[in-house]
Protein chains: 2
Amino acid sequence: MPDRDAALDAIQRELTAFARRARHKAAQMHPDLSLVTYSMLDLVKERGSCRASDLAAHFMLDKSTVSRQVTALEKLGLITREPDPEDQRGQLLRPSEDGLRLLADAAERRRLAFRERFTDWTDDDIARFAGYLTRYGAGD
Amino acid sequence: MPDRDAALDAIQRELTAFARRARHKAAQMHPDLSLVTYSMLDLVKERGSCRASDLAAHFMLDKSTVSRQVTALEKLGLITREPDPEDQRGQLLRPSEDGLRLLADAAERRRLAFRERFTDWTDDDIARFAGYLTRYGAGD
DNA sequence: GGTCTGCGGTTGTAAAGTGCAACTTGACGG
DNA sequence: CCGTCAAGTTGCACTTTACAACCGCAGACC
């Protein structure tokens, strides 16, 4: 089935092309935060609170890398660290007020950019595209 | 139109999630080449021959970065460089036999992984998904 | 023809992200 | 009490990347 293979090639190419551009654009949007650092902050918000090892597992990164990024986020005042009362080895990460503000601001700007980009797409096309992406992402 | 916004949010979330994991997965799939280096080789093959500045423009990378990656590709014997007969300043990049072989091999492995992942997708769904991604990518 | 401007590419330098390994500290089971 | 394991930190090396300075050639303009 050559058509199917050609389509699979296109999917692969476009997704990697997107990944390349994502880092570039994320760097422009938030000069102080990389895409990964931003995602970590986002996950901390999503979970309410979590440990550094949770971040390492979720992002498939080494714990040392996470340690440094968390330190950076704390230095920027975007998260707080407190020892885990249940296990003194670990620490609970929480987003700070500034961190929440930054996330909300970024989400809003991103939404505006997306509205712009999809102006000439129909509602049906957008819904189907979102459905396909979700279905793809569920395979991870 | 809340549905539309919800779908846009989903698209945004899934695409950034993919971008996060891209590096890790690419490293697994192509152990010898980085994601960017591999993409460069792929574009050179796609175009038949091209100049380094074309790569820089397409990948939104600095020309110095491209220069180093191209040097690496040449050292690995995956591409060849020859002065552009039309413009002595530039150079024409072409994939070597080894480069073509590596690309074909990688494409085959990738296709296998993708076939696995997309087993329960219909041909129509895959074609539409590829179409949406291409349409999205064309907006850059 | 000579000069100026601009483009294609290279190299030096610095910064950031990442993984591996060694270490510290605390938890848990014999 | 001790050995083992888990959570984080730090040192180190490597890679990727951008910016800036530079070289050589091309094309335009006088």
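Structure shown above.
Residues numbered from 1 in each chain as written. Chains lettered and ligands numbered in written order. Predicted model: local features only at pLDDT ≥ 70, side-chain atom pairs only at ≥ 80, totals over all residues. Heavy atoms only, no water.

Trainee: Explain the interface of chain B and chain A residue by residue, including any values.
Mentor: Each partner contributes to the interface: chain B provides 53 residues, whereas chain A provides 51 residues. Both sides together, the interface formed by chain B and chain A hides about 5,700 Å², and carbon and sulfur atoms give 61% of it. Three residues, B:Arg20, B:Tyr132 and B:Tyr136, lead the burial of chain B against chain A; their summed loss comes to 13% of the area buried on that side. Taken together, chain B and chain A are joined by 11 salt bridges. Here B:Asp42 ties to A:Arg13 by a salt bridge, and the two come within 3.5 Å at their closest N and O atoms. Remark: the boundary between chain B and chain A carries 24 residue pairs in polar contact (both at pLDDT 80 or more). Of all the secondary structure elements, the ones that give two or more residues to the side of chain B that touches chain A are helix H1 (2-29), helix H2 (35-47), helix H3 (52-59), helix H5 (97-117) and helix H6 (123-137) of chain B. Per-element accounting of the side of chain B that touches chain A gives the leading share, 19 residues, to H1(B). Among the residues making up the side of chain B that touches chain A, the classes are represented as 23 nonpolar, 10 polar and 20 charged. (Contact = heavy atoms within 4.5 Å. Buried area = accessible area lost by both parts, 1.4 Å probe. Salt bridge = Lys/Arg side-chain N within 4 Å of Asp/Glu carboxyl O. Polar contact = N/O pair within 3.5 Å; in protein donor to acceptor, adjacent residues only side chain to side chain. Helix = DSSP H or I, 4+ residues; strand = E, 2+ residues; numbered from the N terminus. Nonpolar A, V, L, I, M, F, W, Y, C, P; charged D, E, K, R; others polar.)

Trainee: Kindly report on the side chain of B:Asp125, identifying the contributing residues and their values.
Mentor: Checked against the element boundaries, B:Asp125 lands in helix H6. Its relative accessible area of 15% is what places B:Asp125 among the buried residues. Within polar-contact distance, the side chain of B:Asp125 engages the side chain of A:Tyr132 at 2.8 Å. (Buried < 20%, exposed > 50% of the residue type's maximum accessible area, 1.4 Å probe, protein only.)

Trainee: Account for the protein's contact with DNA strand D, with residues named and values stated.
Mentor: A:Ser53, A:Lys63, A:Ser67, A:Arg68 and B:Ser64 are the nearest of the 23 residues found near DNA strand D. Here A:Lys63 contributes a side-chain N or O atom positioned 2.7 Å from a base oxygen of DNA strand D. Listed by contribution, the elements that provide at least two residues to the surface near DNA strand D are helix H3 (52-59), helix H4 (63-75) and strand S2 (87-95) of chain A together with helix H4 (63-75) of chain B. Taken together, the residues of the surface near DNA strand D break down into four nonpolar, 10 polar and nine charged. (Near = heavy atom within 4 Å.)

Trainee: Help me get a handle on the nonpolar core, residues and values and all.
Mentor: Grouped together as the largest cluster of nonpolar side chains are 36 residues, with contacts concentrated most on A:Ile11, A:Phe118, A:Phe129, B:Ile11, B:Phe118 and B:Phe129. For this core, the elements supplying multiple residues, two or more each, are helix H1 (2-29) and helix H6 (123-137) of chain A together with H1 and H6 of chain B. At nine residues, the largest contribution of residues to this core is made by H1(A). There are two domains that each give this core at least three residues, and those are domain 1 (1-31) and domain 2 (32-137) of chain B. Apart from residues no more than four positions distant in its own chain, A:Phe129 is found in contact with A:Phe118, A:Trp121, B:Ile11, B:Phe129, B:Tyr132, B:Leu133 and B:Tyr136. One finds A:Val36, A:Leu43, A:Cys50 and A:Leu103 within the second-largest nonpolar core, a separate group that totals 20 residues. (Core = buried A, V, L, I, M, F, W, Y, C linked by side-chain atoms within 4.5 Å. Domains from an automatic or database assignment.)

Trainee: Could you give me a rundown of the packing of H1(A) against H5(B), with the residues and numbers involved?
Mentor: Relative orientation of the contacting elements H1(A) and H5(B) amounts to 100 degrees, with a least axis distance of 10 Å. Considered as vectors, H1(A) and H5(B) are oriented roughly perpendicular to each other. Touching A:Asp5, A:Leu8, A:Asp9, A:Ile11 and A:Gln12 of H1(A) are B:Arg110, B:Arg111, B:Phe114 and B:Arg115, all from H5(B). (Axes fitted to C-alpha atoms, helices over the stretch in contact; angles between N-to-C directions. Parallel < 35°, antiparallel > 145°, perpendicular 65-115°, else oblique.)

Keep in mind these values describe shape, not function.
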